[in-house]
Amino acid sequence: MSIRLKFDYRKFPADPSEAFPKRRSATRPVIPVTLINGDRKVTNLAIIDSGADLCIFHSEIGEQIGIDIESGKPLIFNGITKEQLTAYFHDIKIGIGGYEYDCYAGFSKDLSNMPYGLLGQVGFFDLFNIAFDYKRGRIELTSRDNH
Amino acid sequence: MIENTDLRKVLKGYSNKWIALSADSSKVVGVADNPKEALEQAHSNKETTPILTRTPARYGTFIL
C-alpha cells in the first residue's frame with residue numbers, strides 16, 4: 001500500500017544581489033528527514049534535488065548518529081563547479097514523515113557551504129512519486145507500491 | 001502540531017552555524033559550530049526532537 005506525505009515549501013532568508021536587488025527570501029523544496037543508524041537518529045533539513053544522482057548528507061550529521069565516516073566506500077563526485085568532492089557511503093535508514101526505508105547514503109565534509117542534505121535520484125526519487133506545486137507551496141510524496 | 005515553514009525571521013542573523021530548531025521550527029533552540037553542541041543546547045532547552053540545519057556564511061543563491 002502506498003503512503004502519501006504532504007509538505008510545504010520552506011522559505012529562507014536570501015540576500016539581495018545586483019541581479020536581484022529586491023530579493024529577500026528563497027522558497028525551496030526542503031523537508032525534515034531523520035537519519036537513523038541503529039538506535040541513534042538525528043533529524044535535519046534536506047532539499048529535494050532532482051539534479052543529484054544520490055542522497056548525500058553532511059559528515060557531521062553522520063558522526064552524530066555514530067558513523068565512522070571514512071570507513072565507508074568513497075565516491076568522488078562533481079557539483080556544478082570544477083571542484084571534485086568526496087563522499088563516503090554507508091547503509092542507514094531514512095525516516096520521512098514516519099515512513100522509514102533503507103538507504104545507501106553518502107556523507108561528505110565537502111557540503112559545508114550547503115545548508116541542507118541532498119535527496120537525490122537513487123534513495124529518494126526512486127522510492128517516491130513526487131509532485132511539486134511551487135505556486136501553492138506544496139510538495140506531495142507518494143511511496144511506490146513495490147517498496 | 002502546526003509547523004512553521006517560514007524560516008526567514010527564525011534564521012536571519014545566523015551565519016555559518018549549525019542550528020537546532022524546535023520540532024515545529026518556530027524557534028532556534030541551539031546554535032553552535034557543530035551539530036553535537038547545537039543538539040546538546042536543544043536538549044538543555046527541553047526540546048526532545050529538534051531539527052538540525054546549517055546556516056550559510058552568506059544567504060546567497062543556490063543552483064544545484
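Definitions and cut-offs
Residues numbered from 1 in each chain as written. Chains lettered and ligands numbered in written order. Predicted model: local features only at pLDDT ≥ 70, side-chain atom pairs only at ≥ 80, totals over all residues. Helix = DSSP H or I, 4+ residues; strand = E, 2+ residues; numbered from the N terminus. Rg over C-alpha atoms; globule rule 2.2 N^0.38 Å. Buried ≥ 20, exposed ≤ 12 C-beta atoms within 10 Å, placed from the backbone. Contact = placed C-beta atoms within 7 Å. Pairing = 2+ DSSP bridges. Nonpolar A, V, L, I, M, F, W, Y, C, P; charged D, E, K, R; others polar. Axes fitted to C-alpha atoms, helices over the stretch in contact; angles between N-to-C directions. Core = buried A, V, L, I, M, F, W, Y, C linked by C-beta atoms within 7 Å.

For the rest of this paragraph, the subject is the overall build of chain B. Helices and strands together make up the secondary structure of chain B, namely two helices and three strands. Listing every helix and strand of chain B by position from the N terminus yields α-β-β-α-β. In terms of overall size, chain B behaves like a compact globule, its C-alpha atoms giving a radius of gyration of 12 Å where 64 residues would be expected to give roughly 11 Å. Taken along its principal axes, the extent of the C-alpha atoms in chain B is 35 × 25 × 20 Å. The proportion of buried residues among the 64 residues of chain B is 34%. Long-range contacts, defined here as pairs at least 24 residues apart, represent 31% of the contacts in chain B between residues at least 6 apart.

What follows deals with the pairing of strand 2 (residues 28-32) of chain B. Residues and elements named next belong to chain B. As paired elements, strand 1 (residues 17-21) and strand 2 share four bridges and run antiparallel to each other. Bridge pairing links A20 to G30 in strand 2. The loop that links strand 1 with its antiparallel partner strand 2 comprises six residues; one of these, S25, has a positive phi angle of about 60°.

It is worth spelling out the interface of chain B and chain A at this point. Every contact between the two is made by 23 residues of chain B and, on the other side, 24 residues of chain A. When residues of the side of chain B that touches chain A are traced back to their parent elements, those giving at least two are helix 1 (8-11), helix 2 (35-44) and strand 3 (51-55) of chain B. The element contributing the most residues to the side of chain B that touches chain A is strand 3 of chain B, with five residues. In terms of residue class, the side of chain B that touches chain A is made up of ten nonpolar, seven polar and six charged. Two elements, strand 5 (residues 40-48) of chain A and strand 3 of chain B, share two bridges in a ladder whose sense is parallel. Note on strand 3 of chain B: the bridge partner recorded for T43 of chain A is I51 of chain B.

Glancing now at the sheet that holds strand 11 (residues 128-133) of chain A. Residues and elements named next belong to chain A. Strand order in this open sheet of three strands is 1-12-11, and the pairing throughout is antiparallel. The open sheet is flanked by strand 1 (4-8) and strand 11, the only strands paired with a single partner. Averaged over all adjacent pairs, the angle separating strand axes in this sheet is 15°, with direction ignored. Looking at chain direction, strand 11 and strand 12 (residues 138-143) are connected through six bridges and run antiparallel. Bridge assignment links I130 to a residue of strand 12, and that residue is L141.

Formed by 50 residues in total, the largest nonpolar core has its most connected members in L35, A46, C55, I56 and L119 of chain A together with A20 and L52 of chain B. Those residues in contact with A20 of chain B that lie beyond four places of it in its chain are V29, G30, A38, L39, Q41, A42, E47, P50 and L52 of chain B.

The next point concerns the pairing of strand 7 (residues 73-78) of chain A. Residues and elements named next belong to chain A. Taken across its six residues, strand 7 has zero buried, putting it largely on the surface. Here six bridges tie strand 7 to strand 8 (residues 84-96), and the two strands are oriented antiparallel to one another. Its bridge partner lying in strand 8, F77 is registered against L85.

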